[in-house]
Amino acid sequence: MLIFLWGILIFAGFLFPKSKSVSFMMLIFMIVTIACRTQGADYIVYQNEYKWSEYQTFSEVHYVGYLVLEQFAHSLNFTFEQFVFVIGMISCILTYTGFKKLTYNINIVFALYFLYPFSHEAVQTRTFLANAILIAALPLILKEPNESDEKRKKRKYGIRMITFFVLSILACTFHFEVSVYVVFFALMLFLPQKYGKIYIF
């Protein structure tokens with residue numbers, strides 16, 4: 001059933017690229033898909049991680065930010081299923097927010113995202129959250145502030161760049177693979193303007 005809906009939504013995304021109703025259905029589909037996941041090798045690994053996270057220390061793990069979330073969820077007496085649902089919902093909303101700010105044809109982007117990498121993200125809780133943070137943060141550096149005054153524009157853009165850098169570091173505490181964004185952010189800062197801007201999607 002989910003595969004059938006997946007195909008219908010991809011088709012609808014291309015057919016109605018700006019429809020808010022289609023966008024909403026795609027967002028709900030993403031959340032439901034993650035919430036319905038109850039099996040698979042990755043699911044078992046994450047489930048065991050969550051079980052033992054209550055007793056772990058920061059020195060014992062690679063991803064400190066994710067451990068903080070797990071231990072916070074334990075303090076609220078969340079089951080693993082509730083934890084996955086909340087993290088998945090946050091990740092989906094962050095992804096939607098980033099797409100909405102980066103494109104006018106959001107449903108086409110969603111449709112392509114459904115083809116890949118959503119099938120991977122849906123089973124990789126840590127990776128999905130890290131990538132979602134970066135997707136939501138990308139508009140900060142890819143879209144210049146709407147300011148006529150040049151000094152205020154530069155100041156606002158500087159604040160945005162600092163915010164993006166902080167969010168990138170935060171994302172790295174969930175999964176280190178997103179550190180590539182930090183590298184390209186540094187290149188964008190320090191390469192001479194004659195080389196133009198670097199865009200990473």
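Our structure's up above, just so we're on the same page.
Criteria and cut-off values
- Residues numbered from 1 in each chain as written.
- Predicted model: local features only at pLDDT ≥ 70, side-chain atom pairs only at ≥ 80, totals over all residues.
- Heavy atoms only, no water.
- Phe/Tyr/Trp six-rings, centres within 6.5 Å; stacked < 30°, edge-to-face > 60°.
- Helix = DSSP H or I, 4+ residues; strand = E, 2+ residues; numbered from the N terminus.
- Lys NZ or Arg CZ within 6 Å of the ring centre and 35° of its normal.
- Polar contact = N/O pair within 3.5 Å; in protein donor to acceptor, adjacent residues only side chain to side chain.
- Salt bridge = Lys/Arg side-chain N within 4 Å of Asp/Glu carboxyl O.
- Buried < 20%, exposed > 50% of the residue type's maximum accessible area, 1.4 Å probe, protein only.
- Contact = heavy atoms within 4.5 Å.

(A) Main features of the packing of aromatic side chains. Evaluation of the coordinates by the stated rule reveals 14 aromatic pairs. Residues tyrosine 46 and tyrosine 66 carry aromatic rings whose centres are separated by 6.3 Å and whose planes lie at 70° to one another, so their mutual orientation is edge-to-face. Taken together, the residues span a long stretch of sequence, with tyrosine 46 in helix α3 (residues 41-53) and tyrosine 66 in helix α4 (residues 64-75) at a distance of 20 residues. Judged by centre distance (5.5 Å) and plane angle (25°), the rings of phenylalanine 114 and phenylalanine 118 are stacked. A connected cluster of aromatic rings, assembled from ring pairs, spans Phe29, Tyr96, Phe99, Phe110, Tyr113, Phe114, Phe118 and Phe128. Seen from the ring of tyrosine 66, arginine 126 lies directly overhead, with NZ or CZ sitting 5.7 Å from the centre.

(B) View of the side chain of serine 23. One can find serine 23 in helix α2 (residues 20-35). A distance of 3.1 Å separates a polar atom in the side chain of serine 23 from the backbone oxygen of serine 19.

(C) Structural view of the pattern of salt bridges. Taken as a whole and judged by the stated rule, the model has 1 salt bridge. Close ionic contact of glutamate 49 with arginine 126 constitutes a salt bridge, the shortest N to O distance being 3.0 Å. In this pair, glutamate 49 is assigned in helix α3 and arginine 126 in helix α8 (residues 125-137), connecting sequence segments 77 residues apart.

(D) Geometry of unusual backbone geometry. For the peptide bond that leads from tyrosine 116 to proline 117, omega is 20°, which places it in the cis range. The residue proline 117 is located in the loop between α6 (106-115) and α7 (118-121) in this model. In this model, asparagine 77 sits at a positive phi of 65°, which is unusual for a non-glycine residue. Owing to a relative accessible area of 67%, asparagine 77 belongs among the exposed residues under this scheme.

(E) Region of the structure containing the environment of glycine 65. Take glycine 65: it is sitting in helix α4. As a C-alpha pair, glycine 65 and leucine 140 span 75 residues in sequence and 22 Å in three-dimensional space. Ignoring sequence-local partners within four residues, the contact set of glycine 65 consists of Thr173 and Phe174.

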